[in-house]
Every structure is written in C-alpha cells, then in structure tokens.
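Residues per chain are reported as follows:
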Amino acid sequence: MVDTVDVRRRVRQIEATVAGVHQETPDTASLFLDIGDEPHDYKAGQFITIDPHQFAFLEQTIAYLEQIKEGKEKPRAYSMGSAPHEEHVLITIKEERFWPGESKYPPVLSPSLTRNCALGTPVVIKGFTGAYTLPEDIQSKADNILHVCAGSGIVPNFALIKHSLHVADGLRHVLLYSSKTKADIIYYNEFADLARRHPQHLEIVHCLTREDPVDVEPSSRRGRIDAELISKYVPDPSNCFVYSCGPGILPWERKEARQNGVEPEPRFIEHVLDLLRDRGLDKSQIKQESWG
Ligand SMILES: Cc1cc2nc3c(=O)[nH]c(=O)nc-3n(C[C@H](O)[C@H](O)[C@H](O)COP(=O)(O)OP(=O)(O)OC[C@H]3O[C@@H](n4cnc5c(N)ncnc54)[C@H](O)[C@@H]3O)c2cc1C
C-alpha cells in the first residue's frame, strides 16, 4: 500500500524549464531542467517521459506520421543523468536521423530536443519512474558494481555512479563504456573528474570501436566489449552486480524478423547479456535497459 501511494505521488506531470544546454558530442545534447519547487523524489537511474504533442512546431509532422503509422505518437522516455541531490534534472538526448533507403520514418522528437530547446524553453515532463535503480540493500548483496554501457546508454549509469559516490555507500564501480571514437564519449570530463576524486571507488575503461585510444584513460582500449574484458573485471561473479544499458533489438525489428521467419540480429545489449551469462552471472544479478 505504501509503495502504491509513493509511486502515484512520484509519477506526475511537471512543468520544467530548460536552464542549461550542453552539446556533449556531435549528435548528443544535454538539457538541464529546472523543475522549480517540485521535490526531487526520484531514484538515480529512473526516467521521465516527454509527450511530443506539446511542441507546436511538431504539430504538422506528428499529424502526418500518425496518419501513415495509423496510431498516436507516444511520449518518449529519457533517463535522468542527474542524481537526486543535484540542482537540475539532467536528460541527455542522442539525435536520431532519417537515413533514406534505411529508415522507415523520420524520428519525431529527438532532433527537436537536441537542436530547438534554447534556454528558457518550457518542457512538460512526466515522472519519475523506472526500476533501473540500486536496491536499498545492495551492500548486503555485492561490493562491486560493473557498468556495461554503449552510446546514450551511459545516461542512467552516470546517475547511479554519482549517487553512490555522493552517499559514500562504499561500493566499487567499474565502468566499461563503448563509444565509436573519443569524440563520441558522453560525459568524458565529468567521469574523468569523478575517477580522479574517487580512485578507490571508480575505474573507467573506455572501449573505442573505430579508433585507437589516444589521451584517454590508460586502461582504455580499442575494440568491442568482449569475454576477456568481462572476465578481467568480474574476477568473482558471486560478488558483483551489473547494470547494462545500450542499444537493443527494437520492437519493430523483432516483429519484422518474426514475419520473415528469422531471428533478429542481436545488438549491444543482447551481446552483453550473453557474455555475462557465460561468465556465470545469474539473471538476478543483472539489470538492463535498452533502446534504439
Ligand atoms: C527507459 C528508456 C530510457 C531512454 N533514455 C534515453 C536517453 O537517455 N537518451 C536518448 O537519447 N534516448 C533515450 N531513450 C530513447 C527515446 O525514448 C526515444 O526512443 C529516442 O529519442 C528516439 O525518439 P524519436 O522520437 O526521435 O524517434 P522515433 O520517432 O521513435 O524514431 C526512431 C526510429 O524508429 C523508427 N520507427 C519509429 N516508429 C516505427 C515503427 N512503427 N515501425 C518501424 N520503425 C519505426 C524510425 O524510422 C526511426 O528510425 C530511452 C528509451 C527508454 C525506453
């Protein structure tokens, strides 16, 4: 009963204002949202939603897409990169693109959030929700938290790590973060600073898939996250919890594969889950979240 009331209170509509904008990488931008007097009663790792219908400049595009898709466009979810103790609610959005010959439809919301939200823009958000959070009793289950992320999948893990270090819960975090190049690493400076300030509690390994790491943390490397790396950073599978976030098979990719009688092509998250199971981690030790 207490939980139900708590969740109802937490999931509500909030009128936010863009209080800061930061271009993180060539295709990704952060918005710092001022939520006024609303309590920051969320947990690190949770998400908000934004209904694209609120933006007048998207009205015609949405009307057209709803006609051809034969359905209402749904609110889009965005993980919060902020921890509850921070002043602003941070969301970080990767701009999706329309690739002629490849994409079925143009993306609805992310191009506007990354390009059209100047300081002072009002944004109605709905939150807070999501189960990608650290359990209250995490210390009784594990000392080590492994974060395995790719691209914008870093966003909720940034919040988890910041929160844990802020409350000094004693957990030791290792972040394996896959990006194409150094320029594509989101929150690069913020993570470097956290690792410098908390060397006993945070280690960062950048895995660059398209270039050699130059001027990146010394333990970083070129290549995808693989079984060798997982073994190295999970020496004892019984004393580890994993939070993995990144691209996964999308619902319409699954549907299309089913219609064609084939298995959908595994993406980052499916690949990581296989590696973790092979390393001997149980499903109960792994939390995962994925999007496109
Ligand atoms: C819990 C959660 C947290 C998330 N957190 C983040 C985050 O922190 N940062 C972030 O950048 N993103 C995040 N996302 C993803 C985000 O919600 C959006 O999906 C993303 O921004 C794309 O939205 P869009 O409106 O720009 O594109 P969309 O309009 O959703 O289109 C994206 C692509 O999907 C294709 N598509 C759309 N509809 C269909 C269809 N019916 N059939 C076939 N193809 C279709 C389009 O052709 C296009 O290529 C999160 C998602 C979830 C579920």
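All residue numbers refer to positions counted from 1 along the written sequence of the respective chain. Where local features are concerned, this predicted model is filtered to residues with pLDDT of at least 70; where side-chain atom pairs are given and counted, the filter is 80 or more; whole-chain, interface and lining totals use all residues. Excluding hydrogens and water, the side-chain values take into account all heavy atoms of the structure.

Further remarks concern the overall build of the chain. A helix here means a DSSP run of H or I that spans at least four residues, while a strand means a run of E at least two residues long, and both kinds are numbered starting from the N terminus. The secondary structure content of the chain amounts to eight helices and 12 strands. For the radius of gyration, the atoms used are the C-alpha atoms, and the globule rule reads 2.2 Å times the number of residues raised to 0.38. Taken against the 2.2 N^0.38 rule, which gives 19 Å for 292 residues, the C-alpha radius of gyration of the chain at 19 Å falls within 12% of a compact globule. In terms of principal-axis extent, the alpha carbons of the chain reach across some 55 × 50 × 45 Å. Burial classification: accessible surface area is computed with a 1.4 Å probe over protein chains only, and a residue below 20% of its type maximum counts as buried, one above 50% as exposed, and the rest as partly exposed. Counting only residues that meet the buried cut, the chain has 48% of its 292 residues in that class. Contact between two residues is taken to exist if any of their heavy atoms lie within 4.5 Å; hydrogens are not considered. Pairs at least 24 residues apart make up 73% of the contacts formed inside the chain by residues separated by at least 6 positions.

This part is about the domain arrangement of the chain. These domain boundaries are the output of an automatic or database domain assignment. Parsing the chain into structural domains produces domain 1 (2-129) and domain 2 (138-291). Taken together, the contact between domain 1 and domain 2 spans 18 residues of the former and 16 residues of the latter. Note on terms: buried area is the combined drop in 1.4 Å-probe accessible area of two parts once they are placed together, counting the loss on both. At the boundary of domain 1 with domain 2, total buried surface from both sides reaches about 1400 Å², with 61% on carbon and sulfur atoms. Only one rule defines a salt bridge in this text: a Lys or Arg side-chain nitrogen within 4 Å of an Asp or Glu carboxyl oxygen. Summed over the shared surface of domain 1 and domain 2, the number is one salt bridge. A salt bridge links glutamate 86 to lysine 162; the nearest nitrogen and oxygen atoms lie 2.8 Å apart. Polar contacts, as counted here, are pairs of nitrogen or oxygen atoms within 3.5 Å of one another; within protein the pair requires one atom able to donate a hydrogen and one able to accept it, and residues that are adjacent in sequence qualify only if both atoms are side-chain atoms. Here domain 1 is connected to domain 2 by three residue pairs in polar contact (both at pLDDT 80 or more). Within the residue set of the side of domain 1 that touches domain 2, elements represented by two or more residues are strand 1 (12-25), strand 2 (28-34) and strand 5 (89-94). In terms of residues, the side of domain 1 that touches domain 2 owes the most to one element, strand 5, which gives three residues. In this classification, Asp, Glu, Lys and Arg are treated as charged, Ala, Val, Leu, Ile, Met, Phe, Trp, Tyr, Cys and Pro as nonpolar, and every other residue, Gly included, as polar. In the side of domain 1 that touches domain 2, the residues fall into six nonpolar, nine polar and three charged.

Before going further, it helps to spend a moment on the layout of surface pockets. One water molecule sets the probe size; rolling that probe over the atoms shows where empty space is left. Computed from the structure, the second largest pocket encloses a volume of approximately 260 Å³. Think of a 1 Å grid over the protein atoms and nothing else: a 1.4 Å probe that fits but is trapped marks a cavity, an open set flanked by protein within 12 Å on at least five of seven lines marks a pocket, and residues with an atom within 4 Å of a point count as lining. Contributing to the lining of the second largest pocket are 14 residues, with Leu134, Pro135, Glu136, His163 and Val167 lying nearest its centre. Here the lining of the second largest pocket is built from residues that sort into eight nonpolar, three polar and three charged. Both domains that furnish three or more residues to the lining of the second largest pocket are identified here as domain 1 (2-129) and domain 2 (138-291). Grid points are joined across faces, edges and corners, and a volume is the space filled by probe spheres set on the points.

Distance thresholds for patches are 9 Å for like charges and 5 Å for nonpolar side chains (Val, Leu, Ile, Met, Phe, Trp, Tyr), applied to residues having over 30% relative accessible area and no salt bridge. Methods summary: accessible areas were calculated by the Shrake-Rupley approach with a probe of 1.4 Å, and residue burial reflects only the protein chains presented. The sign given to each residue is positive for Lys and Arg and negative for Asp and Glu; His and the chain ends receive no count. To locate a charge, take atom NZ for lysine, CZ for arginine, CG for aspartate or CD for glutamate. On the surface, a cluster of positive charge is made up of Lys104, Arg254, Lys255 and Arg258. Mapping lysine 104 onto the fold places it in the loop between strand 5 and helix 3 (110-115).

The next thing to look at is the pattern of salt bridges. Scanning all chains against the criterion turns up 16 salt bridges. Here lysine 94 and glutamate 96 are joined by a salt bridge, their closest N and O atoms 3.8 Å apart. Since its relative accessible area comes to 34%, glutamate 96 is described here as partly exposed. Connected through shared salt-bridge partners, Arg12, Glu38 and Asp41 make up one network.

Glancing now at the nonpolar core. Throughout this description, the term nonpolar core refers to a set of buried Ala, Val, Leu, Ile, Met, Phe, Trp, Tyr and Cys residues connected via side-chain atoms within 4.5 Å. In this structure, Leu33, Ile48, Ile50, Leu113 and Ile125 are the most contacted members of the largest nonpolar core, which totals 25 residues. Counting residues per element, the ones that place at least two in this core are strand 1, strand 2, strand 3 (47-50), helix 2 (59-69), strand 5 and strand 6 (122-129). When near neighbours in sequence (up to four residues on either side) are disregarded, isoleucine 50 contacts Phe55, Pro75, Arg76, Tyr78, Ile91, Leu109, Leu113, Val123, Val124 and Ile125. Ranked by size, the runner-up nonpolar core spans 22 residues in total, among them Tyr233, Leu275, Leu276 and Ile286.

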